[in-house]
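# Per-entry structural report
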Amino acid sequence: MTPASVGVARGILRNASALFLVGLFAKGAGLIIAILIARFLGADAMGLFAMLFSIAILLETFISLGLSDSLVRDVAARPAEAGSLYFSALRLVTRASLLPAIALAAAAWLIADPGPARASLLVIAAGAPVSGAFVVSQAALQGREQVVFLTWVTFVSRLVSLLALAAALYVGSGIEAAFASRLLFEALAVVAFVARLRRELPAAGERHGAARLLKRSAPFAISLAARDVAIRLPSFVLPATLGFGAAGLFDSANRIRSTLGMTMSASIVGLMPSFARSLGGSSPESGRLVAYSAKYMCLGMSAIATVIALLSHWIIAVFFGAEFAGAAEPLQVLAWAQVLVATDAVLQQALLATGAAFTAIRHTAFGLAAQLALLLALVGPLGLPGAALAVLLA
């Protein structure tokens, strides 16, 4: 390898390692939250939480408008404009969050039962602007490759929010405490992120209007929305077909799968700055960079999936208890599905970095349609294993 390619490899390794820790904190915290809800509140509450959490994630995806990906690329590729790009994006997502937040709050008051579902929806609505600011600030830091700062802020904020959640559940709170904990985490992180970016990226230079930002981020927004809907689809289909209890069992298995997968996806984002620089030119190393990244991701994920599949019954028993034993079989299938998802994520990053976003969108949309059809066809006759098989086949 040439000295230049060695430098690129070192940069990727540094960024991917730090973002791996960020993903570990994020999805590890998600798993801990699920365990706390399962232990304190049971499988039915877990199913309701899974559905409401999917709403919160999809709302965040809509509010971010694809800037979570496009901003990483643009800040890395155009450092002279980083400040104006970031602050313009921050204004845009704050405005974009207002209408859906109001609509969600209004929908919460239409729920007949004034219980945890209404309280959770109100917390999600209140946190919408904070979620938007969190997404674009994190993306700007990733584009600037400020991964060490990003890592320790994420760790401290996660720890504080998890301690607050454990205390709230201990004194008798419902699932709304989980969403309040999420809001606390994002608020603490946003304060630190914005303070750092205001010092490093003064808002000088050309101002980027909403239309210009949306034109660059629209392909990312569509791709991310389709991908997130595909990930969250079982959380909407299973409660309607099998009930909240079964949905809670599936979500416990899916949490372990997503902890594995999204942790790796977070490290994959570390590839974007290097992909953007390498694939944007005519470097002969660019194809090799993508090939090696995909190969080693597949090998690493396959090794982890093998361990999870062999120990699935023990993992479910230790984390969630005997009540969730039915989640072990779906977990065995979902672990192998994640090998394909993680390898695909590397290729998606390469497509996005080269500007072939609509190819990625077409591929993701096909997978989403296939998953919906397979869920509807397999859940009825096969139950939870059928849902896991639908995810794998899609």
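The coordinates are above.
So, here is what we can say about the structure in this document. (Residues numbered from 1 in each chain as written. Predicted model: local features only at pLDDT ≥ 70, side-chain atom pairs only at ≥ 80, totals over all residues. Heavy atoms only, no water.)

## Some remarks on the overall build of the chain
- Counting its regular elements, the chain contains 16 helices and zero strands.
- For the chain, the share of sequence-separated contacts (at least 6 apart) that also reach a separation of at least 24 residues comes to 83%.
- Entry remark: accessible area of the chain is about 16,500 Å², with carbon and sulfur atoms responsible for 71%. (Helix = DSSP H or I, 4+ residues; strand = E, 2+ residues; numbered from the N terminus. Contact = heavy atoms within 4.5 Å. Areas by Shrake-Rupley, 256 points an atom, 1.4 Å probe, with all protein chains shown as cover.)

## Re helix α13 (residues 312-320)
- Residues of α13 that are buried: S312, I315, I316 and F320. Along the long axis of α13, the arc covered by the buried residues comes to 95°, so they all point the same way. Relative to its buried face, α13 has exposed residues pointing more than 90 degrees away, namely H313 and W314.
- Positive backbone phi, approximately 100°, marks G321, located one or two places after α13. (Buried < 20%, exposed > 50% of the residue type's maximum accessible area, 1.4 Å probe, protein only. Arc of directions from axis to C-beta.)

## Some remarks on the nonpolar core
- The biggest cluster of nonpolar side chains holds 95 residues, and the ones touching the most others in it are L71, Y86 and F320.
- If one sorts the elements of this core by residue count, helix α2 (residues 43-64) sits on top with eleven residues. (Core = buried A, V, L, I, M, F, W, Y, C linked by side-chain atoms within 4.5 Å.)

## Things to note about the pattern of salt bridges
- The full count for this structure, using the stated rule, is three salt bridges.
- With a shortest N-O distance of 3.7 Å, R182 and E186 are connected by a salt bridge. One end of the pair is R182 and the other is E186, both in helix α8 (residues 176-200) and four residues apart, which spans about a single turn.
- With relative accessibility at 4%, the residue E186 sits in the buried group. (Salt bridge = Lys/Arg side-chain N within 4 Å of Asp/Glu carboxyl O.)

## Remarks on the environment of L334
- Structurally, L334 can be placed in helix α14 (residues 328-353).
- In this structure, the C-alpha to C-alpha distance between L334 and R257, residues 77 residues apart in sequence, is 6.2 Å.

## Description of a nonpolar patch on the surface
- A contiguous nonpolar surface patch, about 810 Å² in accessible area, is contributed by V148, W152, F155, V156, L159, V160, L163, L184 and L188.
- Elements with a contribution of two residues or more to the nonpolar patch: α7 (147-170) and α8.
- For the nonpolar patch, the element with the most residues is α7, which contributes seven residues.
- Exposure remark for V160: the relative accessible area of 38% places this residue in the partly exposed category. (Patch = residues over 30% accessible without salt bridge, like charges linked within 9 Å, V, L, I, M, F, W, Y side chains within 5 Å.)

## Concerning empty space enclosed by the protein
- Within the structure shown, the criterion is met by two cavities of 30 Å³ or more.
- By volume, the largest cavity amounts to about 60 Å³.
- Along the walls of the largest cavity sit V123, I124, G127, A128, S131, F179, R182, L183 and E186, which together make up its complete lining.
- Take the lining of the largest cavity: its biggest share by element is four residues, from α8.
- Among the residues making up the lining of the largest cavity, the classes are represented as five nonpolar, two polar and two charged.
- There is about 50 Å³ of room inside the second largest cavity.
- For the lining of the second largest cavity, the secondary structure elements donating two or more residues are α9 (210-241) and α10 (244-269).
- It is α10 that contributes the most residues to the lining of the second largest cavity, four residues altogether.
- Within the lining of the second largest cavity, the residues separate by chemical class into two nonpolar, two polar and four charged. (1 Å grid on protein atoms, 1.4 Å probe; cavity = no way out; pocket = protein on both sides within 12 Å on 5 of 7 lines; lining within 4 Å. Points joined across faces, edges and corners; volume = space filled by probe spheres on them. Nonpolar A, V, L, I, M, F, W, Y, C, P; charged D, E, K, R; others polar.)

## Description of the packing of aromatic side chains
- In this structure the tally under the stated criterion is seven aromatic pairs.
- Note on F134 and F185: the rings are 5.3 Å apart at their centroids and 65° apart in plane angle, and the pair reads as edge-to-face. Of this pair, F134 sits in helix α6 (residues 128-143) while F185 sits in helix α8, placing them 51 residues apart in sequence.
- Look at F185 and you get buried, because its relative accessible area is 2%.
- Residues F320 and F324 carry aromatic rings whose centres are separated by 5.6 Å and whose planes lie at 40° to one another, so their mutual orientation is tilted.
- Here the aromatic residues F134, F149, W152, F185 and F193 are joined through ring pairs into a cluster of three or more. (Phe/Tyr/Trp six-rings, centres within 6.5 Å; stacked < 30°, edge-to-face > 60°.)

## Observations regarding the side chain of S235
- Tracing the chain through its elements places S235 in helix α9.
- For S235, a relative accessible area of 10% translates into the label buried.
- Filtering out sequence-adjacent residues up to four positions away, S235 remains in contact with A50, M51, S54 and D251.

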